[in-house]
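This is what each chain is made of:
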Amino acid sequence: VPNKYVDGTAAPVMVVMDGAGSQFLRVQAGLDNLSQSTDPTRRVPPFILVAVAAGQRSIELDTMSDLWARYIDEEVFPAVLSNAAVKAAYPNIAITKDPEGRGAVGCSSGGSAAIIMAWFRPDLFRRVNRVRRVARRSADFCDVSAWSVGPSLRPPAHSELARRADPGHVRR
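Residues numbered from 1 in each chain as written. Predicted model: local features only at pLDDT ≥ 70, side-chain atom pairs only at ≥ 80, totals over all residues. Heavy atoms only, no water.

Novice: Can you lay out the overall build of the protein chain for me, pointing to particular residues and giving the numbers?
Specialist: Looking only at helices and strands, the protein chain features six helices and six strands. From first element to last, N terminus to C terminus, the protein chain shows the α and β order β-β-α-β-α-α-α-β-β-α-β-α. Across the 172 residues of the protein chain, 38% fall into the buried class. Across the protein chain, contacts joining residues at least 24 apart in sequence account for 69% of those joining residues at least 6 apart. Within the structure as shown, the protein chain displays about 10,000 Å² of accessible surface, and the carbon and sulfur contribution to it stands at 53%. (Helix = DSSP H or I, 4+ residues; strand = E, 2+ residues; numbered from the N terminus. Buried < 20%, exposed > 50% of the residue type's maximum accessible area, 1.4 Å probe, protein only. Contact = heavy atoms within 4.5 Å. Areas by Shrake-Rupley, 256 points an atom, 1.4 Å probe, with all protein chains shown as cover.)

Here you go:
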């Protein structure tokens, strides 16, 4: 939760996949600095940063569906908002329901998950980013959970999904 957060306001949120550890703490400090900057060209609005380690949830993370977006919205966000330490510091904490104020970022499978979240659930997430080389080519994206059962069962890559659908919500 950023230093400038006002308890009770519905804050924007950014989900970082595989974001636990010391690197996450540096990101948090950097974002606090940017949200407090007096230079308007270097200021971002205060937003809640939620770091999620995939752990045992690889089926949801690596599947070409809305499973990961639903997991974040239906399980992770409620867990964060009801956490005792968070509630003690911010009794009225709230996350925006506006998809324009909800984002995701990650690398490797987390980068794929960020894009998949917005692709399948633009009603929940619209701000996504991925770290370099995750989407080097559109064919790099596939359902990696299918690799364990054989390449003949691999679902279509993102490029094939793009040919099948025309989501007007996707922009560069």
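Novice: Just give me the short version of the nonpolar core, but keep the residues and values in it.
Specialist: V15, M17, W68, I72, F77, M117 and F125 are the most contacted members of the largest nonpolar core, which has 25 residues in total. Top contributing element to this core by residue count: helix α3 (residues 67-82), with six residues. In this view, W68 contacts M17, V52, A54, R57, E60, L61, A113 and M117; residues no more than four positions away in its chain are not counted. (Core = buried A, V, L, I, M, F, W, Y, C linked by side-chain atoms within 4.5 Å.)

Novice: An account of the pairing of strand β2 (residues 13-17) is requested, with residue identities and associated values reported.
Specialist: Most of β2 sits out of view: four of its five residues are buried. Relative to strand β3 (residues 48-52), β2 runs parallel, the two being bridged by five bridges. Bridging from a neighbouring strand, V13 pairs with I48 of β3. Alignment of β2 against strand β5 (residues 102-106), held across four bridges, turns out to be parallel. Note that in β5 the partner of V15 across the bridge is A104. (Pairing = 2+ DSSP bridges.)

Novice: Would you mind going over helix α5 (residues 109-120) in detail, with residue names and values included?
Specialist: Its twelve residues place the ends of α5 16 Å apart at the C-alpha level, agreeing with the 16 Å of an ideal helix rising 1.5 Å per residue. Of all twelve residues in α5, nine are buried, a share of seventy percent or more. Listed as buried for α5 are G110, G111, S112, A113, A114, I116, M117, A118 and W119. (Expected span 1.5 Å × (residues − 1).)

Novice: Give me the lowdown on α3, citing residues and values where you can.
Specialist: In this model α3 runs 22 Å from its N-terminal to its C-terminal C-alpha over 16 residues, within 8% of the 22 Å that 1.5 Å per residue would give. At V76, α3 is deflected by roughly 30°, the largest bend along its length, and proline P78 occurs up to four residues later in sequence. Looking only at α3, the buried set comprises W68, A69, Y71, I72, D73, V76 and F77. On its buried face, α3 is in contact with β2, β3, α2 (58-61), β4 (94-95), β5 and α5. (Bend = angle between axes of the 7 residues up to and from the residue.)

Novice: Describe in detail the packing of aromatic side chains, supporting the description with residues and values.
Specialist: The description of two aromatic rings rests on the distance between their centres and on the angle between their planes. A full pass over the atoms with the stated rule returns three aromatic pairs. Each ring, one from W68 and one from Y71, has its centre 5.1 Å from the other, and the planes form 45°; the classification is tilted. Separated by three residues within a single helix, W68 and Y71 lie in helix α3, roughly one turn from each other. The pair formed by W68 and Y71 is uniform in burial state, with each residue classed as buried. (Phe/Tyr/Trp six-rings, centres within 6.5 Å; stacked < 30°, edge-to-face > 60°.)

Novice: Any details on the pattern of salt bridges? Residues and values, ideally.
Specialist: Going through the model one piece at a time under the given rule, you end up with six salt bridges. Among the ionic pairs, D66 bridges to R70, the shortest N-O distance being 2.9 Å. The exposure class assigned to R70 is partly exposed, which follows from its relative accessible area of 30%. One salt bridge connects E100 with R127, and the closest N-O pair in it is separated by 2.8 Å. Here R127 lies in strand β6 (residues 127-130) and E100 lies in the loop between β4 and β5, a separation of 27 residues in the sequence. By relative accessible area, E100 is classed as partly exposed at 26%. Within this structure, D66, R70, R121 and D123 form a network of salt bridges that share partners. (Salt bridge = Lys/Arg side-chain N within 4 Å of Asp/Glu carboxyl O.)

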